Every structure is written in C-alpha cells, then in structure tokens.
Amino acid sequence: MEQKTELTRNNVFSMRSMLMVIALVGAVTSGNLWLHQGNPPLGYSRYTGYGFSIDYSQLMTMRESDLGGQGPPTDSAGMVQWSRQDKELEQFGVIWIRLSSNVDVIPERVLDRFFLEMGLSGTRIGERGELKIMAKDVHEVVYQTFTVEESGISIPGMIGSWYCRASGKYLMLYAIHVPDIYHPEIISQEIETIWLRHLAALTCH
Ligand SMILES: [Zn+2]
C-alpha cells in the first residue's frame, strides 16, 4: 500500500487535530464496502458500514478511525474522513455515536459535544453560525457553519447532526474547504454547496 507522509508543502495546513489530521493511507481495499442496490456514479465509490452508506469521489483518500483519530472505529463510535488536496483542499467526514437509548440527547447537544472535543484535541474553532434545521428523508438535521482557525487563517466548514432511529445512532456530517492553499485568505464560497452534495450522497438506513 502506498503511503504518503508529506501532507502538504504549505505548513499553514500542518493539521494536528482530529478534524485536521489526515493520514493519506492508500485507497479503499475492502471488498465489502459495496452496496448491492444501484451503483455509484462514474468516478465514485460507495462506502457502506456502521449504519450508513455514502458515495465519494475516487479522487479522495479515505481514512477510518475512532473519534480520537488513532485507533479503529467501532460500532458505537467512530468516523470516516475523506480528503483531497492539491492546490485546493477539501475534507469531509461522517461521525457516528451510539448513545444509550435512555439518554434523551438532542442533535444540538451532539454538535456542542463535537465542538468541545475538537477544542480539547487542539483544534481552534472560531465562529459557530446560527443553528438551522432541514429535513433529510425522515430526519431532522440540525446544522451550522463554523470556522477552524489555523495559523491566522479561518477555514470555513459546515456540519450537521441528526438521530437515525433505524440505526440507533447519532450521525454527523462535516465538510471544510479551502479553494487555494497558497492563498488561504481566499474564503470558500462553496462550502454549503459541497456539504449539501455530500449530504445528498449519504443514506443512513
Ligand atoms: Zn436514518
């Protein structure tokens, strides 16, 4: 398996944290990642596991981990992240958490918890935007914009959370985008579009 250790020539994005650490460790090799209904679009692969499936561009590198980014994911918690970086940097991920059913947790609190964990792991979260709600299938998705502050640069991101009763999990989908890492002051105008595209490509039950 090919391994790339040099993440970027630009140390502005020497990303340390759970959100930002990207080990570019080869491609999807497991044969059981394919759904048997329909086919992903040309140039896309389909990841299936842990209560969801999502189509992603084959140009992106995938990484599965636990929430700390170190160990393997489990059914009760974990994340899968996809990233692509040349001049442009795009990263998105799906995070799942199974909480005991007698705990009445609402998606807003799950987002709060996420940002708390981000902060503890060293990621500087800047502004969190207004919480909004949208429908996805039978789910109510609570979502908001946010920024990651890195070396004086504000990287825009978007994240949403919902509870999937069928899989018994809280799911989160986030995306961050930098149009030009050599001019990181250029703020992405596409983050919402990108996030919505990934959301549309995700099925959770
Ligand atoms: Zn669902």
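Because the structure is predicted, anything quoted here is derived from the model rather than measured. (Residues numbered from 1 in each chain as written. Predicted model: local features only at pLDDT ≥ 70, side-chain atom pairs only at ≥ 80, totals over all residues.)

*Asks:* Explain the overall build of the protein residue by residue, including any values.
*Replies:* A tally of regular secondary structure across the protein gives 2 helices and 11 strands. What you see in the protein, going N to C, is helices and strands ordered as β-β-β-β-β-α-β-β-β-β-β-α-β. The buried share among the 205 residues of the protein stands at 29%. (Helix = DSSP H or I, 4+ residues; strand = E, 2+ residues; numbered from the N terminus. Buried ≥ 20, exposed ≤ 12 C-beta atoms within 10 Å, placed from the backbone.)

*Asks:* Hey, could you go over the nonpolar core for me, with residue numbers and the actual values?
*Replies:* Counting 36 residues, the largest nonpolar core has Val94, Ile159, Leu171 and Met172 as its most contacted members. Counting only elements with at least two residues in this core, the list comes to strand S2 (52-57), strand S4 (77-85), strand S5 (89-97), helix H1 (107-120), strand S8 (139-150), strand S9 (153-164), strand S10 (169-178) and helix H2 (191-200). It is S10 that provides the largest number of residues to this core, a total of 8 residues. In contact with Ile159, other than residues within four places in its own chain, are Leu111, Tyr143, Gln144, Phe146, Met172, Leu173 and Tyr174. (Core = buried A, V, L, I, M, F, W, Y, C linked by C-beta atoms within 7 Å. Contact = placed C-beta atoms within 7 Å.)

*Asks:* Explain H1 residue by residue, including any values.
*Replies:* The end-to-end C-alpha distance of H1, which contains 14 residues, comes to 20 Å, matching closely the 20 Å that a straight helix rising 1.5 Å per residue would cover. All of the buried residues in H1 are Pro107, Leu111, Phe114 and Met118. In an axial view of H1, the angular spread of the buried residues amounts to 55 degrees, which keeps them on one side of the axis. Facing away from the buried side of H1, by more than 90 degrees, are the exposed residues Leu116, Gly119 and Leu120. Where H1 is buried, its residues contact strand S6 (124-128), S8, S9 and S10. Looking one or two places after H1, you find Gly122, whose phi comes out positive at around 105 degrees. (Expected span 1.5 Å × (residues − 1). Arc of directions from axis to C-beta.)

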